[in-house]
Amino acid sequence: MSSRRPDPRQVRPGARPAARRFPRPTRALVPVTGTVLALGGWAAVAHNSGSGWVQALGALLAGFLGIGLLAPAALTWGVRLTALDAPIDGVAGRTVSVRLLANRPLRVTPLVPVGEACLLDGRNPGTLGIVATRHCELESCAVRVASAAPFGLLWWHRDLRLALPRPVLVAPRATLPSAEQLAEIRRRDDAGRPVAGRVGEPRGVRPYQPGDQRHWVHWPATAHAGMLMVREMEGPLSRPVTIRVDLPDEPEAAERAAEAAFATLAQLLGTGRQVQLVTLQADGECAAPVTGVLDAGRRLARAVAPGWRARLPAAP
């Protein structure tokens, strides 16, 4: 593989898998040099001794070492690696666990995104941990499969593209909200109404429904009714907020912008504001309300910069 790892955001729907490659040895100099020296020394002893049993043992040793050096290449060439399960949601910088199954003993190391290697015994599933450093819609990952079976003399490896059973929506980290956006929202609210007010004024109580805010719970009514009751609000006094997220083309700047946008959305949603989120996705611009923090993270996971197509690697 190239020494320059592609951006994890480049793993997009419809991307073709990486071309299959021939197995390659890992740090072959020491095992190969040791094998040549051992066989050369044994050949010299066998030639000087003239004993048939010494020559026979030399042939057995040569076969043993040859199998130990070349058999892992055949094992990595015929490997079948399957992703059995993966979560729907993730967060940038946190581990996403993917259950794997292989048809033979292997060591699997994630390359893009990075992560920790796992060992598979060829019979039971194992767990591969991958860590996407940026928000993305992750449909596949590049992995390196390696084997030194049966004798552990030399490791051979091969790079594959592992397709995930479902896309993993990796949301950005929630850092600090955008002070500029919050100030602009407050300015619009003050200009749109003569008197500041809450999002909704209580007009009664009703049974709890999924999605209600925790601070809406009306405890006296809950104790009286024997079930969870919340305040029923009037229509919102504040107009819905429109947040437009325009990511720059530079990957690091785009990630910082996504993190600030996510924190801003979380703060607005936590106060009960209705938020309309506008983002650019791979299939075009999307403008729709967000129903909660989880929905906001999924929308931002799919958000791309205008020049994301120009950064995609050429199809093999």
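Residues numbered from 1 in each chain as written. Predicted model: local features only at pLDDT ≥ 70, side-chain atom pairs only at ≥ 80, totals over all residues. Heavy atoms only, no water.

## What to know about the overall build of the protein
Item 1. A count of helices and strands for the protein gives 6 helices and 15 strands.
Item 2. For the protein, the exposed surface amounts to about 17600 Å²; the carbon and sulfur share of it is 59%. (Helix = DSSP H or I, 4+ residues; strand = E, 2+ residues; numbered from the N terminus. Areas by Shrake-Rupley, 256 points an atom, 1.4 Å probe, with all protein chains shown as cover.)

## Side note on the nonpolar core
Item 1. By size, the foremost hydrophobic cluster in this structure holds 26 residues, and its most contacted members are Leu 81, Val 98, Leu 100, Val 108 and Val 143.
Item 2. Ala 171, Leu 182, Val 275 and Ala 296 belong to the second-largest nonpolar core, a separate cluster that totals 21 residues. (Core = buried A, V, L, I, M, F, W, Y, C linked by side-chain atoms within 4.5 Å. Buried < 20%, exposed > 50% of the residue type's maximum accessible area, 1.4 Å probe, protein only.)

## Points about the packing of aromatic side chains
When we look at a pair of aromatic rings, we describe it by the centre distance and by the angle of the planes.
Item 1. This structure, assessed with the given rule, holds 1 aromatic pair.
Item 2. Looking at Arg 107, its charged tip hangs above the ring of Trp 155, at a distance of 4.1 Å from the centre. (Phe/Tyr/Trp six-rings, centres within 6.5 Å; stacked < 30°, edge-to-face > 60°. Lys NZ or Arg CZ within 6 Å of the ring centre and 35° of its normal.)

## Describing the sheet that holds strand 2 (residues 81-85)
Item 1. Across the sheet, 4 strands lie side by side as 2-4-8-6; this open sheet has antiparallel pairing. Taken across any chain shown, the strands that pair with only one partner, and hence form the sheet edges, are strand 2 and strand 6 (114-116). Adjacent strand axes in the sheet meet at a mean angle of 45°, parallel and antiparallel pairs treated alike.
Item 2. Direction of pairing for strand 2 relative to strand 4 (residues 95-102): antiparallel, over a ladder of 4 bridges. Paired with Asp 85 across the two strands is Arg 99, which belongs to strand 4. (Pairing = 2+ DSSP bridges. Axes fitted to C-alpha atoms, helices over the stretch in contact; angles between N-to-C directions.)

## Considerations on the side chain of Gln 281
Item 1. Along the chain, Gln 281 turns up in strand 14 (residues 275-281).
Item 2. For Gln 281, the contacting residues outside a window of four places in its chain are Cys 286, Arg 299, Arg 302 and Val 304. (Contact = heavy atoms within 4.5 Å.)

## Let's talk about the sheet that holds strand 15 (residues 284-290)
Within a sheet, adjacent strands bond to each other through the backbone by hydrogen bonds, running parallel or antiparallel.
Item 1. Reading across the sheet, the 3 strands line up as 13-14-15 and stay open at both edges, with mixed pairing between neighbours. Looking along the sheet, the strands with just one partner apiece sit at the ends: strand 13 (241-245) and strand 15. Ignoring strand direction, the axes of neighbouring strands in this sheet form an average angle of 20°.
Item 2. Looking at chain direction, strand 14 and strand 15 are connected through 7 bridges and run antiparallel. In the strand pairing of strand 15, Leu 277 is matched with Ala 288.

## Some words on the pattern of salt bridges
Item 1. Counted by the stated rule, this structure contains 10 salt bridges.
Item 2. The closest approach of N and O atoms between Asp 89 and Arg 298, which form a salt bridge, is 2.7 Å. Pair noted here: Asp 89 is in strand 3 (residues 89-91) and Arg 298 is in helix 6 (residues 293-301), with a separation of 209 residues, a long-range link.
Item 3. The shortest N-O distance in the salt bridge between Glu 285 and Arg 244 comes to 2.6 Å. Here the residue Glu 285 occupies a position in strand 15, and Arg 244 occupies one in strand 13, the gap between them amounting to 41 residues.
Item 4. Among the residues examined, Arg 244 registers a relative accessible area of 43% and is labelled partly exposed.
Item 5. Each member of the salt-bridge network shares a partner with another, and the members are Arg 134, Arg 173, Glu 252, Arg 256 and Glu 259. (Salt bridge = Lys/Arg side-chain N within 4 Å of Asp/Glu carboxyl O.)

## Examining the packing of helix 5 (residues 251-270) against helix 6
Item 1. Between helix 5 and helix 6, whose axes approach to 10 Å, the crossing angle comes to 160°. Taken together, helix 5 and helix 6 sit at an angle that is classed as roughly antiparallel. The chirality of how helix 5 crosses helix 6 is right-handed. Contact with helix 5, carried on its side by Ala 258, Ala 261, Phe 262, Leu 265, Ala 266 and Leu 269, involves Val 293, Ala 296, Gly 297 and Leu 300 of helix 6 and no other residues of that element.
Item 2. Grouping the constituent residues of the contact of helix 5 with helix 6 by class yields 9 nonpolar, 1 polar and no charged. (Parallel < 35°, antiparallel > 145°, perpendicular 65-115°, else oblique. Left-handed = near helix turned anticlockwise from the far one by under 90°. Nonpolar A, V, L, I, M, F, W, Y, C, P; charged D, E, K, R; others polar.)

## As for the environment of Gly 292
Item 1. The residue Gly 292 is located in the loop between strand 15 and helix 6 in this model.
Item 2. A C-alpha to C-alpha distance of 9.5 Å links Gly 292 and Gln 274, two positions 18 residues apart in sequence.

## Observations concerning unusual backbone geometry
Item 1. Backbone torsion omega between Val 112 and Pro 113 reads -5°, so that peptide bond is classified as cis.
Item 2. By secondary structure assignment, the location of Pro 113 is in the loop between strand 5 (105-112) and strand 6.
Item 3. Along the chain, Ala 149 connects to Pro 150 via a cis peptide bond; the corresponding omega equals 10°.
Item 4. Here Pro 150 shows up in the loop between strand 9 (136-147) and strand 10 (155-171).

## Some points on the confidence of the model for the protein
Interpretation of this model should avoid reading the predicted coordinates in detail wherever pLDDT is low.
Item 1. Residues at a pLDDT of 70 or more form 81% of the protein, whose mean pLDDT is 80.
Item 2. Considering only residues more than four positions removed or in separate chains, one finds that residues 1-19, a stretch of pLDDT under 50, has 47 contacts.
Item 3. In the predicted structure, residues 194-199 sits below a pLDDT of 50 and forms 11 contacts with residues beyond four places in sequence or in another chain. (pLDDT = per-residue confidence, 0-100.)

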